[in-house]
Amino acid sequence: DLAQLGNTWVSEFAALNAIAPLDDRIEASAEIAPDSFFPGIWDTNVIDGTTYGVPWYVDTRVLFYRSDLLAEAGYDSVPGTWDGWREAMEAIRRIGGPERYPIFLPTNEYTPWIVFGLAAGSPLLRERDTRGAFGGPAYRRAAAFYLDLFRRGLAPAVQGASIANLYQEFERGTIAMYITGPWNLGEFRRRLSPAMQSSWSTSPLPGPDGFESGVSTAGGSSLVLFRGSRHPEEAWRLIEFLSTAEAQARFFRLTGDLPAHRAAWRDTALTSDPHLRTFEAQLTRVVSTPKIPEWEQISLKLQGTVEAMILGGAAPDSALAKLDREVDRILEKRRWLLEHGRGPGARALDDTPAGGVGPDAEAVR
C-alpha cells in the first residue's frame, strides 16, 4: 500500500506509473503542509509539477573538520567562501607538513563533485534535463576549484579506497576535513578516542561567494502511496500520522535519522547538539539533483570523469565536453519521448537528438 522510498528514486517510480500523485490529498490534509518541510527536500518529491511523496527523514552533506588543527592555523571557524576556505587549508598544510592533507575528497564518491557544481550555479543538465551542462561555465568554475585543491597538494590524489581507515587518519591528523553525512556523527563518536571528542566539529559547506551559496544535496527518504493500493485511505492516514512533527521526533530518538518536519527540530535531543544544528542550517540550503530515472547512471559517468582529471591528468575542458557527449547519448531516448509527446509533461523541444534522429517508435514501445 505504501513504502519508504529514497527520494532519488521517486522520479523512476513516477515514470513507471507505480506511485500515486498526492496533491489533492495534501491540499485536503490537516496534518501535512508543504511549508512545514525543508523546501529543497520537499522539492525532491515534485516531478513535472506533481507531488508523489511526503518527506519522511532527511540527510545532506556537511563539512566534518579538526577544529583544533584549524585553530592552530589561526582560524576559529571555517571561512564561508571558497577562496577563504582554500586559504585556511593552506594554513593547515603549512603547520602539518607534506604528509598531511587539509581535506580528503575521495575520487570514488561522486557527491562532492555534484555539490561543488550545484554551489557554482550549474543545473548539471539543461534543456529540461535532456542534455549535459557539465561543459558550461558554471560547472567549469566548480571543476577549476576542486582540481586546484589537488594541484596544490591540499587533497591527496589517490583512489578513495587508498585510505583504509578514515577515522584513524582523521585522528592522526593525516586529513583534517571531510565532506560527509549524518550517519558519520555516530561513527565519529564511536571510532575516535575520548580525548579527540572535543577536537572536531561540523560546518555548513562554504560556497563560491559565502555560506549562502554553499548548497548541498537534498537526500533522504519519502513516504509514497502505490497506485495499486487496495487500502489507499488507510495508507494515507498512516502517512499523515508518520508525517507529524511528534512522530518524526520520536523516530529520530529511536533511529537517529534526521526529521523532515521542521517543527520536529525543536525537540531538545536536536537543539542540544551543535553538530545536529549544523545539519539543520545546511538543510535550509539544499538542492535536488536532476529528477530523472537516468540520473544515477549520469552520476557514475561524472565520477569517472573526475577520476580521469585527477588521477589521469585529463584536460578539464575536453574531459567535461566528452562527459556532455556521453550524457547526451544516455538521454537520447528521453529527448525523443519528449519531442513526440510521450514523456511526463512532454512538449516539443527545439533541438533534435544527438546524431539528428531519435530511437524509432517500435524500439521505444
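The model shown is predicted, which means the values in this text are computed figures rather than measured ones. Numbers given to residues run from 1 along each chain, matching the order in which its sequence is written. Predicted model: local features are reported for residues with pLDDT of at least 70 only, side-chain atom pairs are reported and counted for 80 or more only, and whole-chain, interface and lining totals are derived from all residues. To obtain the side-chain values, all non-hydrogen atoms of the structure were included, while hydrogens and water were left out.

J.: Would you mind going over the sheet that holds strand 11 (residues 219-225) in detail, with residue names and values included?
T.: Strands were regarded as paired on the criterion that DSSP finds at least two bridges between them. Secondary structure elements are defined from DSSP: runs of H or I of at least 4 residues count as helices, runs of E of at least 2 residues count as strands, and each element is numbered from the N terminus. An order of 1-11-4-12 is seen for the 4 strands of this open sheet, with the pairing classed as antiparallel. Looking at which strands have only one partner, the edges of the open sheet turn out to be strand 1 (2-6) and strand 12 (258-259). Whether two residues are in contact is decided by their heavy atoms: any pair within 4.5 Å suffices. For helices, the fitted axis covers only the stretch in contact; all axes are lines through C-alpha atoms, and the angles between them, taken along N-to-C directions, range from 0 to 180 degrees. Helix 10 (residues 232-242) contacts strand 1, strand 4 (54-59) and strand 11 of the sheet and is inclined by roughly 150° relative to strand 11.

J.: Give me the lowdown on the pairing of strand 5 (residues 62-66), citing residues and values where you can.
T.: Counted residue by residue, strand 5 has 5 buried out of 5 residues, so it is predominantly covered. Note: strand 5 against strand 8 (residues 177-180), 4 bridges, orientation antiparallel. Residue pairing in the sheet places Phe-64 in a bridge with Tyr-178 of strand 8. With 4 bridges connecting them, strand 5 and strand 9 (residues 200-203) associate as antiparallel partners. Whether a residue is buried, partly exposed or exposed follows from its accessible area with a 1.4 Å probe, protein chains only, as a fraction of its type maximum: under 20%, in between, or over 50%, in that order.

J.: I'd like a description of the packing of helix 7 (residues 137-151) against helix 14 (residues 295-310), backed by residues and values.
T.: Axis separation between helix 7 and helix 14 bottoms out at 11 Å; the angle between their running directions is 45°. Considering their axes alone, helix 7 and helix 14 lie oblique with respect to each other. Handedness of the helix 7/helix 14 crossing: right-handed. Where helix 7 abuts helix 14, its residues Tyr-139, Tyr-146, Leu-147 and Phe-150 lie against Leu-302, Val-306, Met-309 and Ile-310. Side-chain classes are defined by residue name, with Ala, Val, Leu, Ile, Met, Phe, Trp, Tyr, Cys and Pro counting as nonpolar, Asp, Glu, Lys and Arg as charged, and the others, Gly among them, as polar. Within the contact of helix 7 with helix 14, the residues separate by chemical class into 8 nonpolar, no polar and no charged. Roughly parallel means an angle under 35 degrees; roughly antiparallel means over 145; roughly perpendicular covers 65 to 115; every other angle is labelled oblique. Handedness of each helix crossing follows the sense of rotation of the near helix against the far helix: counterclockwise by less than a right angle gives left-handed, clockwise gives right-handed.

J.: Break down helix 7 for me, with residues and values.
T.: The first and last C-alpha atoms of helix 7 sit 20 Å apart over 15 residues, in line with the 21 Å expected at 1.5 Å per residue. Taken as a whole, helix 7 has its buried residues at Ala-138, Tyr-139, Ala-142, Ala-143, Phe-145, Tyr-146, Leu-147, Asp-148, Leu-149 and Phe-150. Note on helix 7: the residue one or two positions beyond its end, Gly-153, has a positive phi of about 75°. Here the expected length of a helix is defined as 1.5 Å per residue gap, with one fewer gap than residues.

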